[in-house]
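These are the residues of each chain, in order.
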Amino acid sequence: MPELVATDDVKLNYMQVGTGDDLVLLHGLGANLSFWYFGAARALAENRNVLMFDMRGHGRSSMPDHGYDLRTLAGDLAALLDHHGIERADIAGHSFGGIVALAFAILHPHRVKNLIIADSHVRGVQSATRLRDWPHWPAWRAVLEANGLEDPPSDDSIIDYKLLASLSQYTGAPGGGSAGGARAAMARPRKRIARAREMGEKGLNRWQTLLANTSAGKDFEDETLIDPDKIGELSVPTLLMFGKLSHCLPSADGLLTLMPDARLVVVPGAGHFFPLVKPAFFARVVELFLARQTAETPVRPRGRRRLREARRLRALTELRP
């Protein structure tokens, strides 16, 4: 069951599942811990103690009027680890959650065993991208309009956290997968997606309240803490997972160049929200990566089918020099 931990200025809603080595999952902006709980977390919990929480201003955590800068958000994570007596953990983050994970690794390198960055747009290595410059935008605009988006953003709109969070209430959010995969998702009950992301009208209203009544909008824009020089100093083993169709893919190449111990997996046929769209795939690749860091042998599947699958995933996790 979800629980709360209180710091000086915020109450954080969190959930823990599984047993084993500690793994923290950080969601992106406009989402909450259910982004992980209804998918990848359950698979990862078979071998790990998975800790998820709603970032301040999100989900069921409180919404203070300030403190949404990376240093404070990283401090919230440190406080949660302290609450559970966790000195070091594997840290994984999707989208803006990956930015927070990078900030935490820079500020507290001794507390990070391994780092997983899933489809994060890192401004220090990737300039702003407009919708017109993203080749998959026309297909996704059609999908979004078919799902009820009456006023799509201008082609000149910059793809940022605010835009993604505002659009993610619709089934088949931008970058969720291939256009064909999004159309298939349209046939599924919208209730399932709404439950997984708690978006819809309720989630959108909370997101708009966060931007209107707090310092969040301004704080989210400041990524000076994770400049390229500081990223290049990180020696922690890092898995970079990015969707082949994602607008964030240039960040993967930039991080791979800067980080001395980084590995890159490009997820075929997927975009920005692939951990939600393909949770089992995400969990398997993460498990293989973490298993390699703690033991020199990969996870051993049972049966020929699982053996073929493991070989395919091992090939995906090979390093690019």
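Rules used throughout
- Position numbers for residues start from 1 in each chain and track the written sequence from start to end.
- Totals for whole chains, interfaces and linings use every residue, but because this is a predicted model, local features are given only for residues with pLDDT of at least 70 and side-chain atom pairs only at 80 or more, for both listing and counting.
- The side-chain values count all of the structure's non-hydrogen atoms but skip hydrogen atoms and water molecules.
- Put simply, DSSP marks the helices as runs of H or I at least four residues long and the strands as runs of E at least two long, and each gets a number from the N terminus on.
- Burial classes: relative accessible area under 20% of the type maximum marks a residue as buried, over 50% as exposed, and values in between as partly exposed (1.4 Å probe, protein chains only).
- In short, Shrake-Rupley with a 1.4 Å probe defines the accessible areas, and a residue's cover is counted only from the protein chains shown.
- Two aromatic rings from Phe, Tyr or Trp, using only the six-membered ring of Trp, form a pair when their centres are within 6.5 Å; if the ring planes differ by under 30 degrees the pair is stacked, by over 60 it is edge-to-face, and anything between is tilted.
- By definition, being over a ring means that NZ of Lys or CZ of Arg is both within 6 Å of the ring centre and within 35 degrees of the ring normal.
- Looking at any residue, its pLDDT shows the predictor's confidence there, from 0 to 100.
- We call two residues in contact when some of their heavy atoms are within 4.5 Å.
- Each pair of strands is called paired provided DSSP finds at least two bridges between the two strands.
- Each axis is a line fitted through C-alpha atoms, and for a helix only the stretch in contact is used; angles between axes span 0 to 180 degrees, taken between their N-to-C directions.
- The definition of a right-handed crossover adopted here requires that, viewed with the strands pointing away, the path from the first strand over the helix to the second runs clockwise.
- Expected helix span is taken as 1.5 Å per residue step, with the number of steps being one fewer than the number of residues.

1. A word on the overall build of the chain
When helices and strands are counted, the chain shows 15 helices and eight strands. Every one of the 321 residues in the chain was classed for burial, and the buried ones make up 53%. Summed over its atoms, the accessible surface of the chain is roughly 14100 Å², and 49% of this surface lies on carbon and sulfur atoms.

2. Quick notes on the packing of aromatic side chains
Considering all chains together, one arrives at seven aromatic pairs under this definition. Where Tyr37 meets Phe38, the ring centres are 5.3 Å apart and the plane angle is 75°; that geometry is what we call edge-to-face. On the accessibility criterion, Tyr37 (24% relative accessible area) is partly exposed. Ring geometry for Phe274 against Phe282: centres 6.3 Å apart, planes inclined by 50°, an arrangement best described as tilted. For the pair formed by Phe274 and Phe282, the shared burial category is buried. Put simply, the rings of Phe35, Trp36, Phe274 and Phe282 touch in pairs and so form one group of aromatic residues. The ring of Tyr37 has Arg42 lying over it, and the distance from NZ or CZ to the ring centre is 4.7 Å.

3. So, the confidence of the model for the chain
Per-residue confidence for the chain averages 83 on the pLDDT scale, and 80% of its residues sit at or above 70. Counting interchain partners and residues more than four positions distant, the pLDDT-below-50 stretch residues 305-315 has 12 contacts. When the criterion is pLDDT under 50, residues 317-321 qualifies, and its contacts beyond four places in sequence or with other chains add up to 11 contacts.

4. Details of the environment of Leu131
Assignment of secondary structure puts Leu131 in the loop between strand 6 (112-118) and helix 5 (137-146). Given a relative accessible area of 3%, Leu131 falls into the buried group. Spatially, the C-alpha atoms of Leu131 and Asp156 are 6.1 Å apart, while their sequence positions differ by 25 residues. Apart from residues lying up to four places away in sequence, Leu131 is in contact with Trp137, Pro153, Ser154, Asp155, Ser157, Ile159 and Leu163.

5. Here we look at the sheet that holds strand 2 (residues 11-17)
Strand pairing in a sheet relies on backbone hydrogen bonds. The paired strands run either parallel or antiparallel. Pairing is mixed in the open sheet, where eight strands are placed in the order 1-2-4-3-5-6-7-8. In the strand order of this sheet, the two ends are held by strand 1 (3-6) and strand 8 (262-267), each with one partner. Looking at each pair of strands side by side, their axes are set apart by 25° on average, direction ignored. Two elements, strand 5 (residues 89-94) and strand 6, share five bridges in a ladder whose sense is parallel. By the bridge assignment for strand 6, Ala92 is matched with Ile116. Strand contacts of helix 3 (residues 70-83): strand 1, strand 2, strand 3 (21-26), strand 4 (48-53) and strand 5, with the helix running at about 135° to strand 4, the strand carrying the most contacts. Contacts between helix 4 (residues 96-107) and the sheet are confined to strand 3, strand 5 and strand 6, with strand 6 contributing the most and set at about 155° to the helix.

6. Describing the pairing of strand 8
Where burial is concerned, most of strand 8 is hidden: five out of the six residues are buried. Where strand 7 (residues 238-243) lies against strand 8, six bridges are found, and the strand directions are parallel. What sits directly across from Gly243, in strand 8, is Val267. Since strand 7 and strand 8 lie parallel, the crossover through helix 12 (residues 249-258) that links them has a hand, and here it is right-handed.

7. Points about helix 3
For helix 3, which comprises 14 residues, the first-to-last C-alpha distance of 20 Å matches the rise-based estimate of 20 Å (1.5 Å per residue) to within 8%. The set of residues buried in helix 3 consists of Leu70, Leu73, Ala74, Asp76, Leu77, Ala78, Leu80 and Leu81. Where the residues of helix 3 are buried, they touch strand 1, strand 2, strand 3, strand 4, strand 5 and helix 4.

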